[in-house]
Amino acid sequence: MNPLWVTQVLAVLRLEMRKTFFSKRGFWIYLLAFAPVALYTGKSIVGMKLGRQPDFGTDTNVFATVFQLFYLRLAIFFGCLGVFMNLFRGEVLDKSLHYYFLAPIRREVLLAGKFLAGAVATCLIFTTSTILQIAGMYWQDGWRIFSDYLMNGNGFAHIAGYLGATVLACVGYGSIFLAAGVLFRNPLIPAAVILVWESINSFLPSLLQKFSVIYYLKSLCPIQVIPETGAFFAVLSVNTDPMPAWIAVPGLLLVSAAVLVAASFQVRRMEINYATE
Amino acid sequence: MRANDRIVFENISKFYGDVLGVNRVNLSIPPGITSLVGPNGSGKTTLMNLMTGLVRPSRGRISVLGIRPDQPEELFRYVGYCTQFDSFPKGFTGYQFVYSYLRLYGCAHAEAEDLTWKAIERVGLLEPARRKIAGYSKGMRQRIKLAQSICHGPSVLVLDEPLNGLDPLVRAETIALFRALADDGMHVIISSHILHEVDQISDQVILLSNGYVVAEGQIRGVRSEMQEHPMQILVRCNRPGALAAKVFEQDSVVEAQIHKDGLGVLIKTRDPEKFYLLLNHIAQNGVTIESVAPADDDVNSVYEYLIGGEEASR
């Protein structure tokens, strides 16, 4: 028999999963998540049709660059914004948050259930996309080269690194956006501030860099790439002071937990007053 | 059952920024049906939201059966609240609405299912329970909210305008349900604009105006304390003219008006007890009294006297 709070977290999880996965409102998140899959698959199909020679090294570099500059910084960032900010703020706008607030459930447990639902949903969407992106990218190279990469190269470690970075990005950005949705009436302003902060992270002093999610994620990316598109993108993607994974992973999880604890204090004090929203 | 059976407001004030919600409210509500009566903006919903912790008081203390409203994990084991909010989680059927609430409550699947069907049956929504709430009429939505608020067997039931949108038959059934719940020892707190219904079902009333409690208690008790408004009593008899002449022997009678159908007299008196004694005497002296009934000790009259005709008609 589960303790009561576990039963309640699971009940919130079930309710939220329905809303997150089957809402028309979330369509753009799927679009954002699976855009690289379409791009890579298209590239492979066109390459095969035109009979181009596959270039595994270039593919690996392109994948690493797009993963860092687009997937982590934009797709997962905005995907988490869409999912996590709506967990509380969306319910206030829909005038349905009282459904939860009228149940005999600790507000902290409610927050945990909602966060878990958001994390499960975004992790499922974005890790699925990561796997499909890898499949799409290396399709043209063929199974023989790819299995060689897995068995004799660093394939497994790379894939695990990308999947790990994806999951941690969802957890890290998720906690921040959930807190923003709870703390701010208009969450677009903090979202814009966070986006700017994450974007200028590479230009900040070393100490300040550590107060961002992307700093830890860059440290976890298996391939450090220097894009050929210019110095600006190179600065964005290169981590001059990378943190070892054994510090980066628990560090990010601890920061996320601290943010959620702060949000839970606010949820505890939250009032239902739809008229002023 | 908890040892403390009262809902207590101690010097409660609530401000929404500069706007007054309620001010200096002191109440001690016993079990039974208690109606909150007042025009829009008088503070009825604020009081209900305060006692259920949906909003927090700016000042003062509240306890519901000894529990503070900022402890939802304990409060809602004993309290059910049927709000005025007419929004539901998207895509839910009536059944899912109640069932999911019970899962949040902590019930296992089988127990939640059993309690869900019992609550839905109690509000008469068995047939449409599997349909989406988005397709429900206003009355059906009211009833499914009521089912959700009673499904876990609360000791306190808070109902914000629960009769809105119900047709007359369902309205009568719902009132009977409230009566049955109150007779079982439950607190039933109702807010309503429909004064004659409030009068019909309430054990006590709380009259609100502009955020202040202007009167509370049993409606007849409240009425008898209003000395500046003489009590109106309609006496049906065979000789209204003779009766009208006789009643003026008493100083406390300030007005006697022959009823427009000519079969009774409407009397205004400052001392009803003394008047009833006089009436006994008159009955023994040739006037046949058919009925005696107070004409203005209902909520509507009290409300009009206290708050004013203009607001009462809102």
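Residues numbered from 1 in each chain as written. Chains lettered and ligands numbered in written order. Predicted model: local features only at pLDDT ≥ 70, side-chain atom pairs only at ≥ 80, totals over all residues. Heavy atoms only, no water.

Structural notes on the overall build of chain A
Helix and strand content of chain A: 12 helices and 0 strands. Reading chain A from its N terminus to its C terminus gives the helix and strand order α-α-α-α-α-α-α-α-α-α-α-α. Expected size for 277 residues packed as a compact globule is a radius of gyration near 19 Å; at 20 Å, chain A falls within 12% of this value. Taking the principal axes of its C-alpha atoms as reference, chain A extends roughly 60 × 40 × 40 Å. The 277 residues of chain A split such that 52% are buried. Within chain A, contacts between residues separated by at least 24 positions form 82% of all contacts whose residues are at least 6 apart in sequence. With the model as given, the accessible surface of chain A reaches about 12800 Å², and the carbon-plus-sulfur share is 72%. Averaging the locations of the 20 positively and 13 negatively charged side chains of chain A gives two centres separated by 9 Å. (Helix = DSSP H or I, 4+ residues; strand = E, 2+ residues; numbered from the N terminus. Rg over C-alpha atoms; globule rule 2.2 N^0.38 Å. Buried < 20%, exposed > 50% of the residue type's maximum accessible area, 1.4 Å probe, protein only. Contact = heavy atoms within 4.5 Å. Areas by Shrake-Rupley, 256 points an atom, 1.4 Å probe, with all protein chains shown as cover. Lys, Arg positive; Asp, Glu negative; His and termini not counted. Charge placed at Lys NZ, Arg CZ, Asp CG, Glu CD.)

Observations concerning the environment of B:Ala215
Residues and elements named next belong to chain B. Mapped onto the secondary structure, Ala215 falls in strand β9 (residues 212-217). A relative accessible area of 12% means that Ala215 is categorised as buried. For Ala215 and Val302, which are 87 residues apart along the polypeptide, the C-alpha to C-alpha distance reads 9.2 Å. Sequence-distant contacts of Ala215, defined by excluding residues within four places in its chain, comprise Val205, Ile206, Leu207, Val222 and Leu306.

Describing the side chain of A:Arg268
Here A:Arg268 lies in helix α12 (residues 245-269). Reaching out from A:Arg268, the side chain makes a polar contact with the side chain of B:Glu73 at a distance of 3.4 Å. Beyond its immediate sequence surroundings of up to four residues, A:Arg268 is in contact with A:Arg106, A:Arg107, A:Glu108, B:Arg56, B:Asp70, B:Gln71, B:Pro72 and B:Glu73. (Polar contact = N/O pair within 3.5 Å; in protein donor to acceptor, adjacent residues only side chain to side chain.)

What to know about the state of the cysteines
This structure, assessed with the given rule, holds 0 disulfides over all chains. Just so you know, A:Cys170 is unpaired, no disulfide at all, and the nearest cysteine sulfur is the one on A:Cys123, 4.3 Å from it. (Disulfide = S-S within 2.5 Å.)

Re the interface of chain B and chain A
Between chain B and chain A, the contact holds 30 residues from the first and 28 residues from the second. Of the roughly 2700 Å² buried between chain B and chain A, counting both surfaces, carbon and sulfur atoms make up 58%. On the chain B side of the contact with chain A, B:Leu54, B:Glu73 and B:Leu104 bury the most area, a combined 26% of that side's loss. Across the contact surface, chain B and chain A share 4 salt bridges. A salt bridge links A:Glu271 to B:Lys14; the shortest N-O distance between them is 3.2 Å. On inspection of chain B and its partner chain A, the count reaches 13 residue pairs in polar contact (both at pLDDT 80 or more). Of all the elements in the fold, those that place two or more residues in the side of chain B that touches chain A are β1 (7-16), α2 (72-78) and α3 (94-105) of chain B. (Buried area = accessible area lost by both parts, 1.4 Å probe. Salt bridge = Lys/Arg side-chain N within 4 Å of Asp/Glu carboxyl O.)

Concerning the sheet that holds strand β13 (residues 289-294) of chain B
Residue and element names in this part refer to chain B. A sheet is described by the order of its strands in space; here 4 strands give the open sequence β11-β12-β10-β13, paired in antiparallel fashion. The open sheet has two free edges, formed respectively by β11 (253-258) and β13, since each of these has just one partner strand. For this sheet, the mean inter-axis angle between neighbouring strands, taken without regard to orientation, is 20°. Here 5 bridges tie strand β10 (residues 231-237) to β13, and the two strands are oriented antiparallel to one another. The partner of Ile233 across the bridge, within β13, is Pro294. Packing of helix α10 (residues 272-283) onto the sheet brings it into contact with β10, β11, β12 (264-269) and β13, and relative to β10 it is tilted by some 15°. (Pairing = 2+ DSSP bridges. Axes fitted to C-alpha atoms, helices over the stretch in contact; angles between N-to-C directions.)

As for unusual backbone geometry
For A:Lys95, which is not glycine, the phi torsion reads 60° and is therefore positive. On the secondary structure map, A:Lys95 appears in the loop between α3 (56-93) and α4 (98-101). A positive phi angle, near 50°, is found at B:Glu161, a position not held by glycine. Positionally, B:Glu161 belongs in the loop between β6 (156-160) and α6 (168-183). Accessibility expressed as a relative area gives 4% for B:Glu161, which makes it buried.

Concerning the pairing of strand β2 (residues 19-29) of chain B
Here β1(B) pairs with β2(B) via 7 bridges, running antiparallel. Note that in β2(B) the partner of B:Phe9 across the bridge is B:Leu27.

Observations concerning the pairing of β12(B)
All names here are of chain B. Relative to β12, β10 runs antiparallel, the two being bridged by 6 bridges. Directly across from Gln232, in β12, lies its bridge partner Lys268. In the sheet, β11 pairs with β12 via 5 bridges, with the strands oriented antiparallel. Bridging from a neighbouring strand, Glu255 pairs with Lys268 of β12. Counting the residues between successive antiparallel strands, the hairpin from β11 to β12 contains 5 residues, one of them, Gly262, with a positive phi of roughly 75°.

Here we look at the sheet that holds β9(B)
Residues and elements named next belong to chain B. Taken in spatial order, the 6 strands make up an open sheet running β5-β6-β7-β3-β8-β9, and their pairing is mixed. The sheet terminates laterally at β5 (79-82) and β9, the two strands that pair on one side only. Neighbour to neighbour, the strand axes of the sheet diverge by 15° on average, direction disregarded. Where strand β8 (residues 204-209) lies against β9, 5 bridges are found, and the strand directions are antiparallel. Its bridge partner being in β9, Val205 is matched across the sheet by Gly217. Strands in contact with helix α5 (residues 138-150) are β5 and β6; relative to β5, the strand with the most contacts, it is inclined by about 170°.

Purely spatial values, then, with no claim about function.
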